[in-house]
There are 2 protein chains.
Amino acid sequence: MVDSTHTHSPAVTAGGRTARVAETIRGRIGARGLAPGERLPSIRRLAGQMGVSPSTVVEAYDRLAAEGLIRARPGSGFYVCGPAAPLTLADATPRRDRAIDPLWLSRQALDAEPGVPMPGCGWLPAAWMPQGAIRRAMRGLARAEDGLLTDYGSTRGALDLRRLLERQFAGEGLAVPADQILLTASDTNAVDLIGRFLLRPGDTVLVDDPCYFNFQALLAVHGVRLLGVPYTPTGPDLARFEAVLAEHRPRLYLTNSALQNPTGASLSPQTAHLVLTLAAAHDLTIVEDDIFADLEPEPSPRLAALDGLARVIRIGSFSKTLSAAIRCGYIAARPDWLEALADLQVATSFGGPSPISVELVTGTLRDGSYRRHLDALHRRLSKARRETAARLEPLGIVPWLMPRGGFQLWCALPHGLDAADVARAALDEGLVLAPGNVFSLSGSASGFMRFNVAQMGDARIFDGLARAMKAAQRRAPASAEIDLPPSVL
Amino acid sequence: MVDSTHTHSPAVTAGGRTARVAETIRGRIGARGLAPGERLPSIRRLAGQMGVSPSTVVEAYDRLAAEGLIRARPGSGFYVCGPAAPLTLADATPRRDRAIDPLWLSRQALDAEPGVPMPGCGWLPAAWMPQGAIRRAMRGLARAEDGLLTDYGSTRGALDLRRLLERQFAGEGLAVPADQILLTASDTNAVDLIGRFLLRPGDTVLVDDPCYFNFQALLAVHGVRLLGVPYTPTGPDLARFEAVLAEHRPRLYLTNSALQNPTGASLSPQTAHLVLTLAAAHDLTIVEDDIFADLEPEPSPRLAALDGLARVIRIGSFSKTLSAAIRCGYIAARPDWLEALADLQVATSFGGPSPISVELVTGTLRDGSYRRHLDALHRRLSKARRETAARLEPLGIVPWLMPRGGFQLWCALPHGLDAADVARAALDEGLVLAPGNVFSLSGSASGFMRFNVAQMGDARIFDGLARAMKAAQRRAPASAEIDLPPSVL
């Protein structure tokens, strides 16, 4: 047999070299020198090691991939196939902090024992929700026709609720026929569906810095590259926004226009207009997550209304002012996109939200008391914002801005104090806090904490917070130069 | 400037050639000769066209990818970045037939007008479901404590329902602590979560041929390669199963063990044992979709029970015997996998099913009437299976087997008749049928049709079916040699 590496006939050489490279890799995989899931040497490196050209390695890898032994991952190289350790989100999520990351905060808040004070959670206490209207809707539903209680829902979700949304949007100057509205299982689910529709691994997605922490965990699942733009009291920093669009050509910008999470800031009209102008210039699609809409006493500008759903997709849910247990969100988008999103929802969930959930939302929204509930909620939250700010002041904790509505208060801690250290110490006090860097892609919010003014009624919170701050100070290096006010000490 | 293609200094040659290839592609993209989303020429083809080596093209593409102009897709080549036409499922789904495909069937069934006969749909009529028990559960829930009605659920879902499932599984000989059970928004959602956890684009997944049509649409979203194994009356064809495992090393096998959809067949004990033995030999993970469990009068073998959740993941829901409107499914799996799946569900949906749905399921299962409902349902379905078979016989439509339970009847049509043609003609009769090839990856079930014996009560169905068969015969080419029985003609 001819030793192909020593012959000079080009055809035999190329074929033989390719076979030799493939055989070498096959042998390493067989001997578990390359384990399932392991990355193969880069094309250039292996070419160097084996004294062959990169194209020979490319051909050998192609052949092994065709055999199902290895596979390519975009932008990442080739990997050994087989029953590798499957993806865990912990690997996919950026972990700036070993213990305190977005999924940590979700788990802490969702799995907290009843009665535990949760000044860091992202929802209202049960007693602040429209319990009477929900119970009335539920009693009505117990008398509904059979099909409503047991049949699958339609692909877009019940028309009644989509008509209600159509009218609500029309009131804001956004004309969207009910046909262009898709009901989803939640607001998060809406982002996820859109991500699966518009994004491919390796795409770049823009978020605000800081932004809702679960956006990071969610987009990590999509394998996209996240970039943050600093959020100012009137919206994203426009100079940075423009620079990032020009330099990185992001596919998507995911944001809250009203009562942004976690800052509570809302978009100004000028910023809204300029964001859309820049988006048009760089062909950027925007997902406007309007989940806090009903918490605004007076509506602020909406990108979707200015843009008319040309490049903006509007999403939202009823979790913040009606019920998070009911699980119902929505997407309003271009007709062609909406059609594809509906198909995707059928394929991945065989439909959207529970038709019973949809009926409960519709019943509650139609209940005469819902509007009054919102009015009372706005007043109650306004008072709670002022009171919380007043009680945080002696601890040296200062709001970044006073939001025009909602329950979020984004606050600066005393100089030098690390919010993650405070949150860790607060666990010993039985308090679940929301430290700033959980929200910040750049890790630049270590001096901030998000408070929920509706969850601060328990007197233990402020005492526990003061003790946690002291504990964090004790554990910090002297170089931190932490400056706690006398009332904490 | 040196024309790099004519110099013989290797360093300059390689760098210059790479730059020239990159510049050419850059120019074509700029001039929209290559549009956003378009596939670039293959490495070998471009190398040939430009008279350079494949490695030069590899380097040029790498450079353009680093610039964000193009990107690799695994197993598929390089694509122009930018605001391309986004993925539509229609593209991702194999379309053996332009009109009649899995998503067509889902849409037809989910969006049918009330009262339209649906002999092809995959669920029971509302009147066959436990309406009384659901209404009682709902009235009870209208008096529940506030938090239950408005708070987010826990990450795994309410413990009460997981404990009920734990006891049910224990009764089948499968010991699974409640901690190893995750509640999901649906059975489909359970498959989707598992797919996102275990699968990567390009992986190979095994399904039965025929199988539940939406498995195809769902797995297309995951970008995996689907392979089918013929399903026999006692489970997958073991010789083919073994051959496919050896040849293609699939990552996952997705199947129903009991009352398989669409055939109604159930796994025999011997086949179950051998499937697991082969799975162990080839390190295959199995997802056992047990959605028809409660439709079996006598339980058949389960892979999960034999395997003890080592390599089998068990999923299911309550849609087929309790309510499809309530939307609640579950996953039982290895502890480490379950933990990761729970994280993934938080990231993509901020929790699982609606806690209200979970409470309604729990209340209905605990209602003394539910067991009686199942007993009555089994008797009613047994009668409906016999009656449907008797009424299909004069049309020359013959069951492939008589299932031990459930509502599915997988039937052979008269020789030569194409089920898709009949389904198309039936639309004119106001009937939504489920033609065989919607379920068949290999397209080998054109002579079959899935009927739902619980949806055949409307006398119009059999007349309409006969007319549709005649119409399909008229439109077929003479070469089809269709053999309709006298009663149809």
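Calculation notes
- Residues numbered from 1 in each chain as written.
- Chains lettered and ligands numbered in written order.
- Predicted model: local features only at pLDDT ≥ 70, side-chain atom pairs only at ≥ 80, totals over all residues.
- Heavy atoms only, no water.
- UniProt positions renumbered as here; feature names shortened; annotations may be inferred.
- Salt bridge = Lys/Arg side-chain N within 4 Å of Asp/Glu carboxyl O.
- Helix = DSSP H or I, 4+ residues; strand = E, 2+ residues; numbered from the N terminus.
- Buried < 20%, exposed > 50% of the residue type's maximum accessible area, 1.4 Å probe, protein only.
- Least-squares fit on C-alpha atoms with pLDDT ≥ 70 in both.
- Contact = heavy atoms within 4.5 Å.
- Pairing = 2+ DSSP bridges.
- Expected span 1.5 Å × (residues − 1).
- Polar contact = N/O pair within 3.5 Å; in protein donor to acceptor, adjacent residues only side chain to side chain.
- Axes fitted to C-alpha atoms, helices over the stretch in contact; angles between N-to-C directions.
- Parallel < 35°, antiparallel > 145°, perpendicular 65-115°, else oblique.
- Left-handed = near helix turned anticlockwise from the far one by under 90°.
- Nonpolar A, V, L, I, M, F, W, Y, C, P; charged D, E, K, R; others polar.

The name given to chain A in an unreviewed UniProt entry is 8-amino-7-oxononanoate synthase, with Methylobacterium jeotgali as the source organism. A UniProt comment under Sequence similarities (unreviewed entry) is attached to chain A, and it reads "In the C-terminal section; belongs to the class-I pyridoxal-phosphate-dependent aminotransferase family."

A. Structural context of the pattern of salt bridges. Evaluated as defined, the whole model comprises 38 salt bridges over all chains. With its nearest N and O atoms 3.2 Å apart, the salt bridge here joins A:Arg311 to A:Asp283. Residue A:Arg311 is found in the loop between α13 (303-307) and β9 (312-317), and its partner A:Asp283 is found in the loop between α12 (269-281) and β8 (285-289); the two are separated by 28 residues along the sequence. Classification of A:Asp283 as partly exposed rests on a relative accessible area of 37%. With a closest N to O distance of 2.5 Å, B:Arg460 and B:Asp458 form a salt bridge. With relative accessibility at 25%, the residue B:Asp458 sits in the partly exposed group. A cluster of three or more residues bridged by salt bridges with shared partners is formed by A:Glu172, A:Asp290, A:Glu296, A:Arg302, A:Arg314 and A:Arg404.

B. Molecular detail of the relation of the copies chain B and chain A. With an RMSD of 0.4 Å, the fit of chain B onto chain A corresponds to turning through 180 degrees and sliding 0.1 Å along the axis. Considering both components of the superposition, the chain copies are consistent with a two-fold axis. In terms of C-alpha distance to the rotation axis, chain B has B:Ser55 as its closest residue, with the C-alpha 2.2 Å off the axis. Both copies contact each other with a shared surface, as 100% of the interface residues of chain B are interface residues in chain A too.

C. Spotlight on the environment of A:Gly122. All names here are of chain A. Structurally, glycine 122 is set in the loop between α5 (102-110) and α6 (131-141). Looking at glycine 122, the relative accessible area reads 12%, which means it is buried. With 330 residues separating them along the chain, glycine 122 and asparagine 452 place their C-alpha atoms 6.8 Å apart. With residues near it in sequence (within four places) discarded, glycine 122 still touches Lys320, Phe407, Arg450 and Asn452.

D. Geometry of the sheet that holds strand β13 (residues 434-435) of chain B. Spatially, four strands are ordered β11-β12-β14-β13 (chain B) in an open sheet, and the strand pairing comes out antiparallel. Bordering the open sheet on either side are β11 (398-399) and β13 of chain B, each of which pairs with just one other strand.

E. Examining helix α15 (residues 355-366) of chain B more closely. Residue and element names in this part refer to chain B. Taking 1.5 Å as the rise per residue, α15 with 12 residues should run 16 Å; its terminal C-alpha atoms sit 16 Å apart, in good agreement. Buried residues of α15: Pro355, Ile356, Ser357, Val358, Leu360, Val361, Thr362 and Thr364, and no others. Of the residues flanking the start of α15, the one acting as N-cap is serine 354, its side-chain oxygen 3.0 Å from the backbone nitrogen of isoleucine 356.

F. Fine view of the packing of helix α8 (residues 159-171) of chain B against α15(B). Residues and elements named next belong to chain B. One can describe the packing of α8 onto α15 by two numbers: an axis separation of 9 Å at closest approach and a directional angle of 45 degrees. Taken together, the axis directions place α8 and α15 in an arrangement best described as oblique. Helix-helix and strand crossings are classified by hand; for α8 and α15 the assignment is left-handed. Where α8 abuts α15, its residues Asp160, Leu161 and Leu164 lie against Val358, Val361, Thr362, Leu365 and Arg366. Its residues assigned to classes, the contact of α8 with α15 comprises five nonpolar, one polar and two charged.

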